[in-house]
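Summary of the model geometry
Listed below are the residues making up each chain.
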Amino acid sequence: MNDRQEPGAARSAGVTYQQLLDTDPFPVPESLREVAPKYLGSADVPIERYISRQWHEREVERLWKRVWQAACREEQIPDPGCHVLYEIANVSLVIMRGDDGRIRAFYNACLHRGRALKDHGGRCSIIRCPYHGFAWSLQGELQDVPARWDFPHVDDAAFALPEVRVGTWGGWVFVNMDPDAEPLEQHLGELPRHFERWALEDRYIQAHVHKVIRCNWKVAQEAFCESYHVGGTHPQALPYLGDVNSQVDIWDTVARVITPGGTASPLLGWTPSEDEILRYMLDIRVDEENFFTAGDQSARAVSAAAARERWRPVVGDRVDQWSDAEFIDNIDYTLFPNLHPWGAYNRICYRFRPNGDDHRTCIMEVFLLAPFSGPRPAPAATTYLGPDDDWTDAPELGMLAKVFQQDAFNMPRVQRGLETMTKPGVTLANYQESKVRWLHDLLGRWVEG
Ligand code: FES
Ligand SMILES: [Fe+2]
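Residues numbered from 1 in each chain as written. Chains lettered and ligands numbered in written order. Predicted model: local features only at pLDDT ≥ 70, side-chain atom pairs only at ≥ 80, totals over all residues.

Turning our attention to the overall build of the protein. Secondary structure summary: the protein contains 13 helices and 22 strands in total. Considering the protein as a whole, with its 449 residues, one finds that 39% of them fall into the buried category. Once local pairs closer than 6 in sequence are excluded, the contacts in the protein between residues at least 24 apart make up 63%. (Helix = DSSP H or I, 4+ residues; strand = E, 2+ residues; numbered from the N terminus. Buried ≥ 20, exposed ≤ 12 C-beta atoms within 10 Å, placed from the backbone. Contact = placed C-beta atoms within 7 Å.)

Structure follows, in structure tokens:
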């Protein structure tokens, strides 16, 4: 078919991908794996999707104003009156918990003369416009019009705040501005079935970092859709990450890349010992003492055992039912168009979107969604990073911050390159970049179809 490395064919540190799957019985039905090949060999992705204002405007009208998208976490609005703003392109929505406990999403615009009803999230007992004081209940019913005698033409029912559709899954609140859109359940497709075991609704926001990046949102998102870039961008990971041994699976609105951890890349020019794999995984220098060794076990088994013990105090002996793969592999799901919850017991979840109405900058967010025991902890406050701030300015991300900084270093430079490129499209690997193909296949159907 091509020169890609077949999963299972490549060897790294003496372990094939198939052996990893055999030892760690992660449930991947054979029939589902076969869906990905339909994305092989598609045409190049046109540059205009990243740089054209016109394409962005079509994307806003045909995608963002019609698709189900994650707006916030339920835990961010726990009580009546708690609200957050969700902004996408030129639309601002107030996501509000009502007195009845229901979550609603209102367009953030006063029906009098249009002022934004809320400038930021918080908690209130009534939605009162700061300009002339029109007010609505938390359910969006008109409640107060100062000097009401001057507005005989205002009909209460007609002045209820317009709502957009809301749905929830996995602790996420989704919104959709299209009244005729399919139900959320249909859009989620396979995702809930896959996450039954990992219950994202039982997590809390341990960290949340929001960063503006100078590139189109798809440039940022695509950097997290494949492991092919690891050798070029994160070479320090090659001794412990089977980058080009990744498996890609696609199910309509859901896609997944599994990259085996605790095993070296086939692209590495040398064969690390199990101890060396461990040292690279844990970022321990070779001259550092006080380091436990793999002994006669694999680095993979040792690091899975360590992760299992790390979670035991939080979730109890359930950890004994979790496979090594669930602890060690990078199992990166994407729900079209822009939510990336990692599977298993990895805490990471990304969200990407345009930065306001600017198609040349975007917002990338990282949530760490952690299990907990006892009462639900309060969600962490958001750290906001500007385009010139480093990910390492968010120490709550730990070692991940350095990795994201390596990714973010490329992104504005990709955008700059795309703006000056004379070739009409970007060329993708047949297999390893097939999640990017999938994203653009769906995007094409939404925006151009
Ligand atoms: S614009 Fe809101 S009350 Fe006048
Ligand atoms: Fe990366």
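Continuing now.
Here helix H9 (residues 274–282) crosses helix H10 (residues 299–315) at 45 degrees, and the two axes come no closer than 9 Å. Taken together, the axis directions place H9 and H10 in an arrangement best described as oblique. Of H10, the residues touching H9 (which contributes Glu274, Ile277, Leu278 and Met281) are Ala299, Val302 and Ser303. Classifying every residue of the contact of H9 with H10 by side-chain character gives five nonpolar, one polar and one charged. (Axes fitted to C-alpha atoms, helices over the stretch in contact; angles between N-to-C directions. Parallel < 35°, antiparallel > 145°, perpendicular 65-115°, else oblique. Nonpolar A, V, L, I, M, F, W, Y, C, P; charged D, E, K, R; others polar.)

What follows deals with unusual backbone geometry. Peptide bonds are trans in most cases, and residues, glycine excluded, mostly fall at negative phi. At the junction of Phe336 and Pro337, the peptide bond is cis and its omega measures out at 5 degrees in the coordinates. Along the chain, the position of Pro337 falls in the loop between strand E17 (330–335) and strand E18 (339–341). In this structure, Ala89 is a non-glycine residue whose phi angle is positive, near 50 degrees. Considering the arrangement of structural elements, one finds Ala89 in the loop between strand E5 (82–88) and strand E6 (91–97). With 20 C-beta atoms packed within 10 Å, Ala89 lands in the buried category. Residues other than glycine seldom take positive phi values, yet Ala199 does so here, at roughly 30 degrees. Note on placement: Ala199 falls in the loop between helix H6 (191–195) and strand E14 (203–213).

Moving on, we come to the nonpolar core. If you look at the biggest cluster of nonpolar residues, it comprises 88 residues, and the most contacted ones within it are Ala71, Tyr86, Leu93, Ile95, Ala105, Phe174 and Ala220. Ranked by residues supplied to this core, first place goes to strand E20 (residues 358–371) with six residues. Ignoring anything within four residues of it in the chain, the contact list for Leu93 reads Ala71, Tyr86, Ala105, Phe106, Tyr107, Asn108, Val164 and Val175. Counting residues in hydrophobic clusters, the runner-up holds 11 residues, among them Val230, Ile277, Ala299 and Val302. (Core = buried A, V, L, I, M, F, W, Y, C linked by C-beta atoms within 7 Å.)

With antiparallel pairing, the seven strands of this open sheet are ordered in space as E4-E13-E12-E7-E6-E5-E8. Edge positions in the sheet fall to strand E4 (69–73) and strand E8 (122–123), since each of these pairs with one other strand and no more. The pairing of E6 with strand E7 (residues 103–107) spans five bridges and is classified as antiparallel. In the strand pairing of E7, Ile95 is matched with Ala105. (Pairing = 2+ DSSP bridges.)

So, on to the sheet that holds strand E11 (residues 142–144). Here three strands make up an open sheet; going across it, the order is E9-E10-E11 and the pairing antiparallel. Two strands in the sheet have a free side with no partner beyond their single neighbour: strand E9 (127–128) and E11. As defined by bridge partners, E9 adjoins strand E10 (residues 135–136) across two bridges and the pair is classed as antiparallel. Paired with Arg128 across the strands is Ala135, a residue of E10.

Burial of strand E16 (residues 254–259) is extensive: six of the six residues sit out of reach of the surface. Alternating positions in E16 separate into two faces, Val254, Arg256 and Ile258 on one and Ala255, Val257 and Thr259 on the other, with burial throughout. Of the strand pairs in this sheet, strand E15 (residues 247–251) and E16 are connected by five bridges, and their pairing is antiparallel. Within E16, the position partnered with Trp251 by the bridge is Val254. Taken together, E15 and the strand that follows it, E16, pair antiparallel across an intervening segment of two residues, in which Asp252 is found at a positive phi of about 55 degrees. Here six bridges tie E16 to E17, and the two strands are oriented antiparallel to one another.

This brings us to the confidence of the model for the protein. Across the protein, the average pLDDT comes to 90, with 89% of residues at 70 or higher. Counting contacts from residues 1–21, a segment whose pLDDT is below 50, to residues more than four positions away or on other chains yields 40 contacts. Ignoring residues within four places in sequence, the model shows residues 23–38, a span with pLDDT below 50, making 21 contacts including any to other chains. (pLDDT = per-residue confidence, 0-100.)

To continue, consider helix H12 (residues 400–420). Between the first and last C-alpha of H12 there are 31 Å, a value that for 21 residues agrees with the 30 Å anticipated at 1.5 Å per step. Inspection of H12 places Phe404, Ala408, Met411 and Gln415 among the buried residues, and these make up the whole buried set. Packed against the buried residues of H12 are helix H3 (48–51), E14, helix H7 (217–222) and E20. (Expected span 1.5 Å × (residues − 1).)

Here we come to the environment of Phe174. Along the chain, Phe174 turns up in strand E13 (residues 172–176). Sequence separation between Phe174 and Ile95 is 79 residues; the distance between their C-alpha atoms is 9.8 Å. The contacts of Phe174, once residues within four sequence positions are left out, are Trp68, Gln69, Ala70, Ala71, Val166, Gly167, Thr168, Trp169 and Leu184.

Tracing the backbone shows Trp217 in helix H7. Given 23 C-beta atoms within 10 Å, Trp217 falls into the buried group. Here the alpha-carbon distance between Trp217 and Tyr50, two residues 167 residues apart in the chain, equals 8.2 Å. Trp217 has contacts with Phe352, Arg353, Pro354 and Cys362, leaving out every residue within four places of it along the chain.

This brings us to H10. Between its first and last C-alpha, H10 extends 24 Å over 17 residues, near the 24 Å set by a 1.5 Å rise per residue. Among all positions of H10, only Ala299, Arg300, Val302, Ser303 and Ala304 are buried. Where H10 is buried, its residues meet H9 and helix H11 (324–328). Gly316 sits one or two residues past H10 and shows a positive phi near 80 degrees.

What follows concerns the packing of helix H4 (residues 53–64) against helix H13 (residues 434–447). At a minimum axis distance of 8 Å, the contact between H4 and H13 shows a crossing angle of 90 degrees. Here H13 runs roughly perpendicular to H4, going by the angle between their axes. Taking contact as the criterion, the partners of Arg58, Glu59, Arg62 and Leu63 in H4 are, on H13, Leu443, Trp446 and Val447. Of the residues assigned to the contact of H4 with H13, the class counts are four nonpolar, no polar and three charged.

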